[in-house]
Amino acid sequence: MGDVRWDALGPAGAPAVVLLHGTPFSSFVWRAVAQALARRHRVFVWDMPGYGTSEKFDGQDVSLAAQGALFAELLQEWRLTEPTVVAHDFGGVVALRARLLHQARYRRLALVDPVALRPWGSPFFRLVAEHAEVFEQLPPALHEALVREYISSASARGLLPQVADQLAAPWVGEVGQPAFYRQIAQADQRFTDEVQDRYGELEMPVLVCWGTADTWIPVAKADELATRIPGAQVRLIEGAGHLVQEDAPAELTAVLVEFLRD
């Protein structure tokens, strides 16, 4: 799958927390939350293969199946036997697959606006998935404009220009442009279908957190998901879009700190 870039913050030996990003993002979106949690926890962040600063190459397997298996392996590499896991968007199903299919164990699991229930994928997402090879041929300037517009739509409150630049940067250039369409082309609902009916097997404390202004995945999915997970809590963050980490980092951090303290 290629080289994976990761980092760890906070005191060694402190309770471990692992943060998973979604698509088309990277660990960059967790920077504020990670710094806050690292005061009392050992916080691990990583860029999935094909994302952020991790390796990208033609023919790379960046499917959700591959990411879930790799995440289980990473936990072993980090020697984390039972960390708390916080997962956003596609990271949600990556964490769920690692737990349900690859025997990864978590102390707690927080799912933030996760991709976890059928059906998913916007009309734009499905269009690109069906014609990825065509979109790869877009002129670079047009491609960059498309990526920036798509990323910006994940925020309900608007992204700062420098943040938008950082989020778009991995997806431009000779390596980034095909990587952007590669990860969309390999996204397949069957990877959630394989685990969706097993959410009732989750035994650890689970938090389902959602931005009320999420236009990518409607907030109604929060209660729908929680009803499938025994004892799951639901916390809504008012006015935040899909990219809760950018729209409401302080509110999200407060929710996670409370969850970690229970």
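Refer to the structure printed above.
What you see is a predicted model, and the numbers here were worked out from it, not measured in a lab. In every chain, residue numbers begin from 1 and rise along the written sequence. Restriction of local features to residues with pLDDT of at least 70 applies here, the model being predicted, together with a cutoff of 80 or more for giving and counting side-chain atom pairs; totals for whole chains, interfaces and linings are based on all residues. Side-chain measures were taken over the full set of non-hydrogen atoms in the model, leaving aside hydrogen atoms and water.

Asker: Explanation requested: the overall build of the chain in the structure shown.
Answerer: Counting its secondary structure elements, the chain contains 12 helices and seven strands. Between the two quantities, the radius of gyration covers C-alpha atoms and the globule rule is 2.2 Å times the number of residues to the power 0.38. For 262 residues, the compact-globule estimate of 2.2 N^0.38 gives 18 Å, and the chain sits close to it at 17 Å. Structurally, the chain occupies a C-alpha span of about 50 × 35 × 35 Å along its principal axes. Burial here depends on accessible area, computed with a 1.4 Å probe over protein chains only, as a share of the maximum for the residue type. Under 20% is buried, over 50% is exposed, and the range in between is partly exposed. Counting over 262 residues, the chain shows a buried share of 55%. A run of DSSP states H or I qualifies as a helix once it reaches four residues; a run of E qualifies as a strand once it reaches two. Both are numbered from the N-terminal end.

Asker: In this structure, what is going on with helix H3 (residues 90-102)? I would like to understand it.
Answerer: Along an α-helix, a turn takes 3.6 residues, which lines up residues three or four apart on a common side. A helix is expected to span 1.5 Å for every residue after the first. Compared with the 18 Å implied by 1.5 Å per residue over 13 residues, the 17 Å span of H3 between its first and last C-alpha is a close match. Here H3 lies mainly inside the structure; 11 of its 13 residues are buried. For this analysis, residues touch if any pair of their heavy atoms sits within 4.5 Å. Residues of H3 that are buried make contact with strand S2 (16-20), helix H2 (64-77), strand S4 (84-88), strand S5 (108-112), helix H4 (123-130) and helix H9 (190-196). Following H3 by one or two positions, Gln103 has its phi on the positive side, about 60°.

Asker: Would you take a moment to explain the packing of helix H6 (residues 140-152) against helix H7 (residues 161-168) for this structure?
Answerer: Interhelical geometry of H6 versus H7 gives an angle of 115° and a closest axis separation of 10 Å. Once H6 is placed against H7, the crossing between them reads as right-handed. Of the residues in H7, those in contact with Val147, Arg148 and Ile151 of H6 are Ala164, Asp165, Leu167 and Ala168. Any residue outside Ala, Val, Leu, Ile, Met, Phe, Trp, Tyr, Cys, Pro, Asp, Glu, Lys and Arg is labelled polar, Gly included; the first ten of those are nonpolar and the last four are charged. Within the contact of H6 with H7, the residues separate by chemical class into five nonpolar, no polar and two charged. What counts as an axis is a line fitted to C-alpha atoms, over the stretch in contact for a helix, and the angles between N-to-C directions run from 0 to 180 degrees. For a crossing to be left-handed, the near helix must be turned anticlockwise from the far one by less than a right angle; the clockwise case is right-handed.

Asker: Before we go on, may I ask you to explain the environment of Tyr51 in this structure?
Answerer: The residue Tyr51 is located in the loop between strand S3 (42-46) and H2 in this model. Separated by 46 residues in the primary sequence, Tyr51 and Arg5 place their C-alpha atoms 9.6 Å from one another. If near-sequence neighbours (up to four positions away) are discounted, Tyr51 is found in contact with His21, Gly22, Thr23, Pro24, Phe25, Lys56, Gln67, Phe90, Trp171 and Gln183. In this structure the side chain of Tyr51 is engaged in a polar contact, spanning 3.2 Å, whose partner is the side chain of Gln183. Under the rule applied, a polar contact is a pair of N or O atoms within 3.5 Å (in protein, one hydrogen donor and one hydrogen acceptor; residues adjacent in sequence only if both atoms are side-chain atoms).

Asker: Explain the pattern of salt bridges to me, please; I cannot follow it from the model alone.
Answerer: Here the idea is simple: oppositely charged side chains can pair when their charged atoms come close. When a carboxyl oxygen of Asp or Glu lies within 4 Å of a side-chain nitrogen of Lys or Arg, that pair is called a salt bridge. Summed over the entire model, instances satisfying the criterion amount to 12 salt bridges. Taking the shortest distance from any N to any O, the salt bridge between Glu201 and Arg198 comes out at 3.0 Å. Residue Arg198 is classed as partly exposed on the basis of its relative accessible area of 29%. Glu258 serves as the salt-bridge partner of Arg235, at 2.8 Å between the closest nitrogen and oxygen. Of this pair, Arg235 sits in strand S7 (residues 233-237) while Glu258 sits in helix H12 (residues 249-261); the two residues are 23 residues apart in sequence, bridging distant segments of the chain. Given the relative accessible area of 32%, Arg235 is considered partly exposed. You can call Glu258 partly exposed: its relative accessible area is 34%.

Asker: Looking at this model, I keep getting lost on H6. Mind explaining?
Answerer: Compared with the 18 Å implied by 1.5 Å per residue over 13 residues, the 18 Å span of H6 between its first and last C-alpha is a close match. Residues of H6 that are buried include every one of His143, Leu146, Val147, Tyr150 and Ile151, and no others. The buried residues of H6 all sit within an arc of 125° when viewed along its axis, so they share a single face. Facing away from the buried surface of H6 by more than 90 degrees, the exposed residues are Ala141 and Glu149. It is the directions from the helix axis to the C-beta atoms whose arc is reported.

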